[in-house]
Amino acid sequence: MATWYTNLTLIDGTGAAAQERSHVRVDDDGTIGAVESGADTGALGIGGDGADVVDCAGRFLTPGLIDAHSHLGLASDIDATMRLDVSVAETARDIFEACSDALDAGFTTIRDVGGLEGPVPDLIRRGRLRGPRVLTSGPVQCQTGGHGQMGPRFEPTELFDCHQIVGLRTASMLSDGPDEVRRNVRETFRRGADLIKMCVTGGVITVGTNPSDTQFTVPEVRAAVEEAEARGTYVTVHAHNNAGLLAAVEAGVKCIEHGSEVNREVAELLAEKEVALVPTLAPGEILRERSQKVRERGGQGADAYLKQFSVTERLIAGMSEVVPLAREAGVLLGLGADITGPRQRERAMELVLRAKIEDPMAALVSATRDNARICRLEDTIGTVEVGKVADLCFWSESPLDDVEVFTDTAKLALVLQGGRAVAGTDGTTAQTASPWVQPALS
Ligand SMILES: [Zn+2]
C-alpha cells in the first residue's frame, strides 16, 4: 500500500529552498509517487485515496545521503591490517558492521573507491546483509612502489598479493605497463567492480611515496580508461598534484579524488571536459585531532609523526581553497569522507567540514544530487522528486539551521531505503536488510 508522509519541511536536494507543509507519497514499488507543497492535507485530498498517512509534523525530509569516497573494505585498523594482524573473520565482521553503520547514519548509497570486492555489495543487493546501495571500484590500481602499495617497506613486492582476500577485500593491485594495467582492470571487473580507481600521484599514508610524485604514464591510464569505457563505466583517480591530474585527464578519466592543488586554470579545464571532483576533508580533521594528542604526549616518534602531519595539513588547506574555485568554474563537485577504520561511522562529518567552507545547503546538494550524478544514478536517486527511488532521511531538527544535525543519529528519526524503513529513532529499524532494485549504471 502507498504511504503519505505529511506535514514535513522538504529539503529536496536540488538546492531549492526548504518548503514547509510538504507531503510525499511513497508507492508500493518503493518509488516516490507524489510530492506536494504549500497546502494542507485536507485541501489536497490526502488520505481519501486509501493510502496510509503518517503525520511527520516537525520533521525535515532530505534525500538519503551519499558518500562518494568510501573505504568500507578497510574497516579494521589500517596499520594492523597491513601487518596481516587481522584475521579474515575479523575483517569480514568489521566490513559488515561498517555497512550497517552507514545505513544508521543516513547514508543509503556509497561509492566505494578502494578495497571492497563485488560480493559484499551483491549480498546487500540480495537482502542478505544490512547496508547501503554500494557501487565499488574493487582494488585500487597502483604502480609498483606507488601510493596504495601499503605494506612493510622491505616486504618483497612478489609477496604483496598475500594481502588480497579475493571476494571480500583487496586494497590494491600492482601493474607496470599498459598491458598489465589492462589485465588487472579486466580482473577487477571480473570480480564485480562498477568503476575503476587508479592512483596517479603519491599519497600521504603510503611509506616511500610523496604527494608531489606523479605515478603511471598516460598510456597506462588510457588502457584502464579503454577497458572501463568498453563496459559503459569510467575511471576515477587519486590525484594530489596537478601534473598527475592533468596527465590523467588527458588519458580520459572522468573523476578526480582529492585534487588538492587544483587552481583556476585546472578547474576550468575540468569543467570543460566534464570531469568531476570529489574533495575529501575528513581525513585532515581526524589527523589534526590525532596530532594534537601526539603533541601533548610527546616522546619517541612524535617529531616524525608531526612532520608527516605537516604535509597533510598543507594538502587539506589546499582542498579547502579548491572548493570555492571549482564551484565558480562550474565543476561537478561531489562529497567524499575518505575515512578508513572504525571511525567511518562518523562519515557525516564531511558535510559539517564542507559547510564551513560553503554552507549546509551546498554540502547537502553535493552529498545527494551531485554525488548521484558522479555515481551515474541521477535518474534513480539523489533528490526527492516523483519517479525517483524513495531513499529518504527524516530529521527531527533542521540540518540547514545546524549542520551538526547530520552527524547526530539521535536526530535521525527515520531512514527509508527503496521505500522501506531501515533505520532511525522511530523504532521502525528493519533488523534484516531490505533488497533494493539494482539500477543500471548508465
Ligand atoms: Zn581514499
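Residues numbered from 1 in each chain as written. Predicted model: local features only at pLDDT ≥ 70, side-chain atom pairs only at ≥ 80, totals over all residues.

Looking now at helix H6 (residues 218–230). A rise of 1.5 Å per residue sets the reference length of H6, with its 13 residues, at 18 Å; its end C-alpha atoms lie 18 Å apart and thus fit the reference within 8%. Glu220, Val221, Arg222, Ala223, Ala224, Val225, Glu227 and Ala228 are the residues of H6 that are buried. Among the structural elements, strand S9 (140–142), helix H5 (178–190), strand S11 (196–199), strand S12 (235–239) and helix H7 (242–251) are those in contact with the buried residues of H6. In the segment just after H6, Gly232 is the residue with positive phi, at about 75°. (Helix = DSSP H or I, 4+ residues; strand = E, 2+ residues; numbered from the N terminus. Expected span 1.5 Å × (residues − 1). Buried ≥ 20, exposed ≤ 12 C-beta atoms within 10 Å, placed from the backbone. Contact = placed C-beta atoms within 7 Å.)

Time to look at the domain arrangement of the protein. Looking at the protein, the domain boundaries give domain 1 (3–63 + 382–423) and domain 2 (65–374). One C-alpha centre belongs to domain 1, the other to domain 2; they are set 31 Å apart. Listed as interface residues are 22 residues of domain 1 and, on the opposing side, 23 residues of domain 2. Within the residue set of the side of domain 1 that touches domain 2, elements represented by two or more residues are strand S5 (60–63), strand S16 (412–417) and strand S17 (420–423). Of the residues forming the side of domain 1 that touches domain 2, the biggest block, three residues, is contributed by S16. (Domains from an automatic or database assignment.)

Strand order in the open sheet made by the three strands is S6-S7-S8, with parallel pairing throughout. At either end of the open sheet lies a strand with only one pairing partner, and these are strand S6 (65–70) and strand S8 (133–136). Neighbouring strand axes in the sheet, compared pairwise and without regard to direction, differ in orientation by 15° on average. Note: S6 against strand S7 (residues 107–112), four bridges, orientation parallel. Across the sheet, the residue bridging to Leu65 is Phe107, located in S7. Along the sheet face, helix H12 (residues 360–374) touches S6 and S7 and points at about 50° away from the line of S6. (Pairing = 2+ DSSP bridges. Axes fitted to C-alpha atoms, helices over the stretch in contact; angles between N-to-C directions.)

Looking now at the pairing of S12. Taking burial as the measure, the five residues of S12 include five buried ones, the bulk of the element. Side chains Val235, Val237 and Ala239 of S12 all project onto a buried face; the interleaved residues Thr236 and His238 project onto the opposite face, where all are buried too. With four bridges connecting them, S11 and S12 associate as parallel partners. Each bridged residue has a counterpart across the sheet, and for Lys197 the counterpart in S12 is Thr236. Summarising the sheet, S12 and strand S13 (residues 255–258) pair through four bridges and their orientation is parallel. The partner of Thr236 across the bridge, within S13, is Cys255.

So, on to helix H3 (residues 88–104). For H3, built from 17 residues, the straight-helix expectation of 24 Å at 1.5 Å per residue is met to within 8% by its first-to-last C-alpha distance of 25 Å. Summarising the contacts, the buried residues of H3 are in contact with S7, helix H4 (119–125), S16 and S17. Downstream of H3 by a residue or two, Gly106 has a phi angle that is positive, lying close to 90°.

Let us look at the nonpolar core. In this structure, Val221, Ala224, Ala248, Val253 and Leu351 are the most contacted members of the largest nonpolar core, which totals 117 residues. Among the domains, domain 1 (3–63 + 382–423) and domain 2 (65–374) are the pair contributing at least three residues each to this core. (Core = buried A, V, L, I, M, F, W, Y, C linked by C-beta atoms within 7 Å.)

The next point concerns the packing of H5 against H6. Interhelical geometry of H5 versus H6 gives an angle of 30° and a closest axis separation of 8 Å. Here H5 lies roughly parallel to H6, going by the angle between them. Crossing of H5 against H6: the hand is right-handed. Counted together, Pro178, Val181, Arg182, Val185 and Arg186 of H5 and Pro219, Glu220, Ala223, Ala224 and Glu227 of H6 form the full contact between these two elements. Its residues placed into classes, the contact of H5 with H6 shows six nonpolar, no polar and four charged. (Parallel < 35°, antiparallel > 145°, perpendicular 65-115°, else oblique. Left-handed = near helix turned anticlockwise from the far one by under 90°. Nonpolar A, V, L, I, M, F, W, Y, C, P; charged D, E, K, R; others polar.)

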